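# Observations on the model geometry
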2 protein chains.
Amino acid sequence: MTKKQKDKTTEEQILIAAKKVFVRDGMTGARMQDIADEAGINKALLHYYFKNKEKLFEVIFMEAANRLFPKINEIFTAELPLFEKIERFCDEYITLVMENPYLPLFVLNEIHRDPNYFLGKVWKGKSTPKPEKFLAQIEAEKATGTIKDIHPLHLLMNMLSMTIFPFVAKPMLQKNMGMNEQQFRMVMEQRKTEIPRFIIDSIKA
Amino acid sequence: MTKKQKDKTTEEQILIAAKKVFVRDGMTGARMQDIADEAGINKALLHYYFKNKEKLFEVIFMEAANRLFPKINEIFTAELPLFEKIERFCDEYITLVMENPYLPLFVLNEIHRDPNYFLGKVWKGKSTPKPEKFLAQIEAEKATGTIKDIHPLHLLMNMLSMTIFPFVAKPMLQKNMGMNEQQFRMVMEQRKTEIPRFIIDSIKA
DNA sequence: CGTCATTTTAACCAAATGGTTAACAAAAGT
DNA sequence: ACTTTTGTTAACCATTTGGTTAAAATGACG
């Protein structure tokens, strides 16, 4: 290609395949051959486009992490009333993750596998979350008497838990409670409003 | 040994080592050599006590699953007022998982890796959860007017999420929010009472 | 066309890994 | 004591796996 043709087809194919396999099997479980097969190409071609497994993984992981974390960080920095912040976060985050329901488990998993890699690659400079502002906002609302005396950190953890956990536990919910794809989507759709309602009911003075 | 001596030292050593390695690296990531090293024995001895990796894994996984699930099921079947049920569950479950903080991620992970294995081995006969009773109890409380009109399934999911998720996200919380082991323990200790308070504040009429 | 860079492939390689074998040590049973 | 069973080890094997090589297509461009 002279400069940059429109058809990155092969590289794109690889990235799509790699994402699928990595998210499904994790860094250790993923096999280069599987990715090659999934992309419909030769295994050597993988190393032609991406030097090695680690490099390829990094691209996929970074893309996943950079999709999940900035949205969380938004609620820390946004200039919005607390309740509205909570409502928008739950709605937007569930919408976001709905497109890739297995991303959270994948990311959590890899952080668990190598916390320092995560710290160095993802957290370095880029969108470093500053919870302080959000926590301070909660303290402020407590002072003005709009919400009860709840510990800010727990409120934050509660919101994140209720929003993210169902995705992490998705296979269990499906196998255990006999939830099919359709039902899962419906329940998560409900949770966009159920979680904020649940939280606000709990903390409003 | 004549019948069953008191020193199952070797087998116990293996199980301790296997648990450590499997929970840390998962089924695919775990290496038999690592387990052998961790147990301070020869690799062949592993296969002497446990036929193969899968068999050894099964023992570890089943033990983990059978530690985590029955407690959840308890809240479905227990004969207790709703609020008390919630309080006791959060307290007991956090206490339980605190002893093995990485078990939830491990189990969730393996269910994700092979949902049918989980369904067949763990869910088969043994302690099959019946959420119906718990959900019915919530409906009943709604009818008597002690709690608001919340969807039972969401209440259940909320409680499980807030209780379990922090353990799944533990490495992230530690690396991100700069939480050390001591702080994590303290926060989880608080959550034993914070979560029930949060829930009850939200749903009590 | 012919040349040069880019893309793609088949064959290959070294290391890692799950698992086996056969021999050896230590008890247990007699 | 000696025979048998149980526990343990070093060496080995077959397969898998990430990665390389060299050659063949493919295409850009004069």
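As shown above, the structure is provided for reference.
An account of the accompanying structure is given in this report. Owing to the predicted nature of the structure, the values given are computational and were not obtained by experimental measurement. (Residues numbered from 1 in each chain as written. Chains lettered and ligands numbered in written order. Predicted model: local features only at pLDDT ≥ 70, side-chain atom pairs only at ≥ 80, totals over all residues. Heavy atoms only, no water.)

## Side note on the overall build of chain A
On a plain count of helices and strands, chain A comes out with eleven helices and zero strands. When the elements of chain A are put in sequence order from the N terminus, they spell out α-α-α-α-α-α-α-α-α-α-α. Along the longest, intermediate and shortest principal axes, the C-alpha atoms of chain A span 65 × 45 × 35 Å. A sequence separation of at least 24 residues applies to 71% of the contacts in chain A between residues at least 6 apart. (Helix = DSSP H or I, 4+ residues; strand = E, 2+ residues; numbered from the N terminus. Contact = heavy atoms within 4.5 Å.)

## Details of the relation of the copies chain B and chain A
A rotation about an axis combined with a shift along that same axis relates the two copies of the chain. At an RMSD of 0.0 Å, chain B and chain A line up after a rotation of 180° and a shift of 0.0 Å along the axis. The transformation relating the two chain copies, once decomposed into turn and shift, fits a two-fold axis. Taking the C-alpha atom as reference, chain B places S202(B) closest to the rotation axis, 1.8 Å from it. Looking at chain B, 100% of its interface residues are interface residues in chain A too, so the copies touch through the same face. (Least-squares fit on C-alpha atoms with pLDDT ≥ 70 in both.)

## As for the pattern of salt bridges
Residue and element names in this part refer to chain A. Counted by the stated rule, this structure contains 30 salt bridges over all chains. Two residues, E110 and R113, come together in a salt bridge whose shortest N-O distance is 2.6 Å. Taken together, the residues span about one helical turn, with E110 and R113 both in helix α6 (residues 103-113) at a distance of three residues. In this structure, a network of salt bridges that share partners links the residues K71, E74, R88 and E92. (Salt bridge = Lys/Arg side-chain N within 4 Å of Asp/Glu carboxyl O.)

## What to know about the packing of aromatic side chains
Enumeration over the complete set of coordinates arrives at 19 aromatic pairs over all chains. With a centroid separation of 6.1 Å and 55° between ring planes, the pair formed by F198(A) and F198(B) is classed as tilted. In this pair, F198(A) sits in helix α11 (residues 181-203) while F198(B) sits in helix α11 (residues 181-203), so the two residues belong to two different chains. Each member of the pair, F198(A) as well as F198(B), carries the same accessibility label: buried. Between the aromatic rings of F22(B) and F57(B), the centroid separation amounts to 5.3 Å while the plane-to-plane angle is 75°, which identifies the pairing as edge-to-face. Taken together, the positions of F22(B) in helix α1 (residues 9-29) and F57(B) in helix α4 (residues 53-77) put the pair 35 residues apart, joining distant regions of the chain. Residue class for F57(B) comes out buried when judged on its relative accessible area of 1%. Joined through ring pairs, the aromatic side chains of F22(A), F57(A), F61(A), F106(A) and Y117(A) make up one cluster. One residue, R113(A), lies across the ring of F57(A), its end atom 5.7 Å from the ring centre. (Phe/Tyr/Trp six-rings, centres within 6.5 Å; stacked < 30°, edge-to-face > 60°. Buried < 20%, exposed > 50% of the residue type's maximum accessible area, 1.4 Å probe, protein only. Lys NZ or Arg CZ within 6 Å of the ring centre and 35° of its normal.)

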